[in-house]
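# Chain and residue survey
Single-letter residue listing:
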Amino acid sequence: MDFELNDDAKDAIVKAKEFADKYFTEEVAEMADREERFPTDIVAVSKREKILDFSNPWKVLVTIEELVRRDPGLGISVTISAFGAEIFMFFGNDAQKEKYMNPVFAGQKTLGLGVTEAGGGSDVANIKTEAKLDGDSYILNGGKMFISNGQIADYFLVLARTSPPPSPEKKHRGLSVFVVDSQSAGFSINKLHGKLGVRATNTAELIFNNVRVPKESMVGEEGKGFYYIMTFFNISRIYVAAQGLGIAHGALDRLVEYSKKYGELSETGELKESIQLAIAEIATRVEATRNLTYKAASYLFKFTPNPIITSMSKYYAAETAVFSTRRAMELMSLHGLTSDLERFFRDAKILDIWEGTTEVEKLIITRMMLKEGGA
Amino acid sequence: MEEEYEILENTVKDFNTKYVDNNSLKLENEVMGKEFIKMLADQGFFSMMAEESDATGSDVKALSVVLENLAKSAPASAVKVLLANAFSTLAKERGILDAVGNGSKSGTVTFSDLLMAEGQNGNLKIDNGRVKGEKEFVLGSDSDFVLTLLNSGELVLLKSGFTVGKKHKRLGFRSVGFSSIIVDSSDYEVIAREGRKVLRKMYESFSIPIAAIALGMSEGVSQKALDYAKVRTAFGHYLKDFQPLAFDLTSLIAEMDILKRYFHDLLSSPINRKEAMFLKQKALGLAKDISKTSLQIHGGYGYLEDFGIEKFYRDSMALSVLFHSEENDMEELATMVFESKAGFV
């Protein structure tokens, strides 16, 4: 067992740090947050400088962690352009990979994933968007909610029902995935405003009103969409765990810095013990999160994903991000409230919700453990 | 609850129904209009502490009932009322008190003087008969009058000669000004030579009102979560049917009810400093926990301002930072519990 990152990953961290130093200024981060503005320019530079190297998933993972540690909104915006691309990688045909996936990985195009619906939330199998075969095309009707990159993506991978479920208990059957061009007739977007956090990221509602897509737009086999999406979530949740790790580590950085500058000393000349213990607790949780996240990644990157460990990492990372930002804020008092920690506190909460709520992750862990007879 | 407080509670509930409930997001995020401030003033909410409080603290208790009920819908309006009343306990000049009481002028107190170590929230000095310098972290910095501490420890009332300085990030109560103030004023009055002591006394006497805001927020946000969980379905069930969600919320509501009972007990007995601080400590923690759980129940919608949940998540944390210092308050409480200096290493 080796807990060391390889040199490539270490180099990626250095590169991410340098990038964040240069572009993630407080002024930019605050404006993006205040105005709910996607950092188009910074994302363009990040693509040009190939900040995300998709040829090495470890480099992607540590880059997300490092950039989010500096600023969650900007960090996520920079690292989410290829969201959903693994679906092409594992289930798409060569033509789809060539046309859609490669330009996304090359930084030329942006992808979005349309799964969640207004009435569905975590209940993915219960989606209402339909795709009906009409000659050589499918016609899509319905809507998607809370879609990252909603307003900026060139293409969306969209989960839609292509046949009725065989029974109410088997609603996950009869769902298929389509790639939809954002310029398609009948397709429209409503940007969502007033998010609590990650306000630099672009989130929208997608509306499909008789959107016609060619038959070749179906990704993989008809009726296997639910399986594809769940497979993707087992990948993406590890990257979400890296976001949580970055936010928690960012909160720890700020608390440590605060304690050096403003921390009250007791008669012994040491920091008062309550803050010492809080730092130790957050640092321990950050390290535990890192170990879980890297373990989940290690399984995945060897093509032997472990959904139990993946869900553990996502759930624990989200909880650690929320816990760490709250504790840091309580201890840093007005210094925290008036610093960028305030943004970290708001940003962290989304991790408990997106890519599967914390409750859903816990259910996955237990159900799979019971099924497999152990972790 | 005593009849007097029940009447007051119903008054605020009516006020919320008429003027606040449909307007709560605006009251939270935008500047409160003069018209709304006048309405708060017309209800007498800004002048509840204008007279010297009696030994039973009846003014503080009545104020607490008002704050609890305002905070259920629009926590920022409760904070506005709290600041005005904190100001009124310390200011002495009748004309100023009347102006703040009737809403034509506004006043605030720099709570940050007690929450930060000395020197960490700016510097104000008297120099050639003028108060000069900058004071950081002033909640209500858009007010007409500011009560604040000088470096020398005197509590002064600034009547003019100050401007809004560096604007701070606003996690919560976004309709209330929050910035530093730049001061160069000859128009001031020294209220107390031992200002920190006077300010400290006011801060402690406001433990119950601050707790009341936290409790009101807990009631407001948990009611939204209860309502939502009864109508929203997932996986073929109402959200309320799922054990984790139902148990978590029920457990927090049990905690809230216990604290409310404690709050009502405090309203009907002589004020006890330790118990008031117990209530404040626990109520602030509860507001944060219950807001977090309520947001989680709403899922993605809770994350959007339109659903009126995320503001409680922000405000509950802001309340506990703007009117409470975990370290200082716990040291104080520990000393009371141990009956000798405790919790300082």
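Everything numeric in this text was worked out from a predicted model, so none of it was measured.

## Things to note about the pattern of salt bridges
Applying the stated rule across the entire model yields 54 salt bridges over all chains. Of the charged contacts, one joins Arg212 of chain A and Asp134 of chain A as a salt bridge, the two residues approaching to 2.8 Å between their closest N and O atoms. Note that Arg212 of chain A is positioned in strand E7 (residues 203-214) and Asp134 of chain A in strand E2 (residues 130-134), a separation of 78 residues in sequence. Classification of Arg212 of chain A by relative accessible area gives partly exposed; the value is 45%. Between Arg273 of chain B and Glu204 of chain B there is a salt bridge; the shortest N-O distance is 2.7 Å. Separated by 69 residues along the polypeptide, Arg273 of chain B in helix H11 (residues 273-302) and Glu204 of chain B in helix H8 (residues 195-205) bring together distant segments of the chain. Look at Arg273 of chain B and you get partly exposed, because its relative accessible area is 39%. On the basis of relative accessibility, which here comes to 16%, the residue Glu204 of chain B falls in the buried class. Each member of the salt-bridge network shares a partner with another, and the members are Glu26, Glu30, Arg34, Glu35, Arg37, Asp71 and Arg343 of chain A together with Lys169 of chain B.

## Thoughts on the domain arrangement of chain A
All names here are of chain A. What the domain assignment lists for chain A is domain 1 (7-79), domain 2 (110-223) and domain 3 (227-372). Placing the centre of domain 2 and that of domain 3 at their C-alpha centroids yields a distance of 30 Å. Counting residues at the interface gives 14 residues for domain 2 and twelve residues for domain 3. Taken together, the two surfaces of domain 2 and domain 3 that pack against each other cover about 1000 Å², and 75% of this comes from carbon and sulfur. Counting every contact that joins domain 2 to domain 3 gives zero salt bridges. Inspection of the domain 2/domain 3 interface yields three residue pairs in polar contact (both at pLDDT 80 or more).

## Points about the sheet that holds strand E7 (residues 178-185) of chain B
All names here are of chain B. Taken together, the four strands give an open sheet; going across it, the order is E2-E3-E7-E6, and neighbouring strands pair in antiparallel fashion. Among the strands making up the open sheet, the edge pair consists of strand E2 (122-127) and strand E6 (162-167). The sheet shows a mean angle of 20° between the axes of neighbouring strands, taken without regard to direction. As paired elements, E2 and strand E3 (residues 130-139) share six bridges and run antiparallel to each other.

## Some details on the packing of helix H8 (residues 225-262) of chain A against helix H9 (residues 273-301) of chain A
Residue and element names in this part refer to chain A. Direction vectors running N to C along H8 and H9 enclose 160°, while the axes themselves pass 9 Å from each other. Relative to H9, the element H8 is oriented roughly antiparallel. In this structure, H8 crosses over H9, and the sense of that crossing is left-handed. Taken together, the residues of the contact of H8 with H9 sort by class into 21 nonpolar, four polar and one charged.

## Considerations on a nonpolar patch on the surface
A grouping of Met89, Phe90 and Phe303 of chain A is seen on the molecular surface, where their side chains present a nonpolar patch of about 330 Å² in accessible area. Mapped onto the elements of the fold, Phe303 of chain A is located in the loop between H9 and helix H10 (307-337).

## So, the interface of chain B and chain A
Listed by partner, the interface residues are 42 residues for chain B and 50 residues for chain A. Taken together, both faces of the contact between chain B and chain A bury some 4100 Å²; the carbon and sulfur share is 61%. Looking at the side of chain B facing chain A, the largest losses of area belong to Lys169, Gln296 and Tyr303 of chain B, adding up to 21% of the total buried there. Glu30 of chain A is paired through a salt bridge with Lys169 of chain B; the nearest N and O atoms lie 2.9 Å apart. Linking chain B with chain A are 19 residue pairs in polar contact (both at pLDDT 80 or more), by the criterion used here. Going through the elements one at a time, helix H7 (112-115), strand E9 (233-234), H11, helix H12 (310-322) and helix H13 (326-338) of chain B are the ones with two or more residues in the side of chain B that touches chain A. If you tally residues by element for the side of chain B that touches chain A, the top one is H11 of chain B, at nine residues. Its residues assigned to classes, the side of chain B that touches chain A comprises 18 nonpolar, ten polar and 14 charged.

## Overview of the sheet that holds strand E1 (residues 107-109) of chain B
Residue and element names in this part refer to chain B. One open sheet holds the four strands; their spatial order is E1-E4-E5-E8, and the pairing between them is mixed. Both outer strands of the open sheet, E1 and strand E8 (188-192), are each paired with one neighbouring strand and no more. If you compare each strand with its neighbour and ignore which way they point, the axes differ by 20° on average. As judged from the three bridges shared by E1 and strand E4 (residues 145-149), these two strands associate in the parallel manner. Directly across from Gly107, in E4, lies its bridge partner Phe145. Together, E1, E4, strand E5 (155-158) and E8 form the strand contacts of helix H5 (residues 75-90), whose direction differs from that of E1 by roughly 80°.

## Quick word on the domain arrangement of chain B
Residues and elements named next belong to chain B. By the assigned domains, chain B splits into domain 1 (3-105), domain 2 (108-199) and domain 3 (206-338). Here domain 2 and domain 3 have C-alpha centroids that lie 30 Å from each other. Every contact between the two is made by nine residues of domain 2 and, on the other side, eleven residues of domain 3. Interface area, domain 2 with domain 3, both sides summed: about 980 Å², of which 73% is carbon and sulfur. If you sort the residues of domain 2 by the area they bury against domain 3, Leu115, Leu171 and Phe173 come out on top, with a joint share of 56%. Connecting domain 2 to domain 3 are zero salt bridges. Here the side of domain 2 that touches domain 3 is composed, by residue class, of seven nonpolar, one polar and one charged.

## Considerations on the packing of aromatic side chains
One pass over the structure, following the stated rule, counts 27 aromatic pairs over all chains. With a centroid separation of 5.8 Å and an interplanar angle of 40°, the aromatic rings of Tyr258 of chain A and Tyr262 of chain A are classed as tilted. With Tyr258 of chain A and Tyr262 of chain A both in helix H8, this residue pair falls four residues apart, about one helical turn. Since its relative accessible area comes to 27%, Tyr262 of chain A is described here as partly exposed. Members of the aromatic cluster, connected to one another through ring pairs, are Trp58, Tyr239, Tyr294 and Phe301 of chain A. The ring centre of Phe344 of chain B lies 4.3 Å from the NZ or CZ of Lys341 of chain B, which sits over that ring.

## Examining the pairing of strand E5 (residues 175-181) of chain A
All names here are of chain A. Counting buried residues along E5, six of its seven residues qualify, which places the element largely inside the surrounding structure. Looking at chain direction, strand E4 (residues 155-161) and E5 are connected through seven bridges and run antiparallel. Bridged to Phe156 within E5 is Val180. Looking at chain direction, E5 and strand E8 (residues 218-219) are connected through two bridges and run antiparallel. Counterpart to Val177 in the pairing with E8 is Val219.

What counts and what doesn't
Residues numbered from 1 in each chain as written. Chains lettered and ligands numbered in written order. Predicted model: local features only at pLDDT ≥ 70, side-chain atom pairs only at ≥ 80, totals over all residues. Heavy atoms only, no water. Salt bridge = Lys/Arg side-chain N within 4 Å of Asp/Glu carboxyl O. Helix = DSSP H or I, 4+ residues; strand = E, 2+ residues; numbered from the N terminus. Buried < 20%, exposed > 50% of the residue type's maximum accessible area, 1.4 Å probe, protein only. Domains from an automatic or database assignment. Contact = heavy atoms within 4.5 Å. Buried area = accessible area lost by both parts, 1.4 Å probe. Polar contact = N/O pair within 3.5 Å; in protein donor to acceptor, adjacent residues only side chain to side chain. Pairing = 2+ DSSP bridges. Axes fitted to C-alpha atoms, helices over the stretch in contact; angles between N-to-C directions. Parallel < 35°, antiparallel > 145°, perpendicular 65-115°, else oblique. Left-handed = near helix turned anticlockwise from the far one by under 90°. Nonpolar A, V, L, I, M, F, W, Y, C, P; charged D, E, K, R; others polar. Patch = residues over 30% accessible without salt bridge, like charges linked within 9 Å, V, L, I, M, F, W, Y side chains within 5 Å. Areas by Shrake-Rupley, 256 points an atom, 1.4 Å probe, with all protein chains shown as cover. Phe/Tyr/Trp six-rings, centres within 6.5 Å; stacked < 30°, edge-to-face > 60°. Lys NZ or Arg CZ within 6 Å of the ring centre and 35° of its normal.

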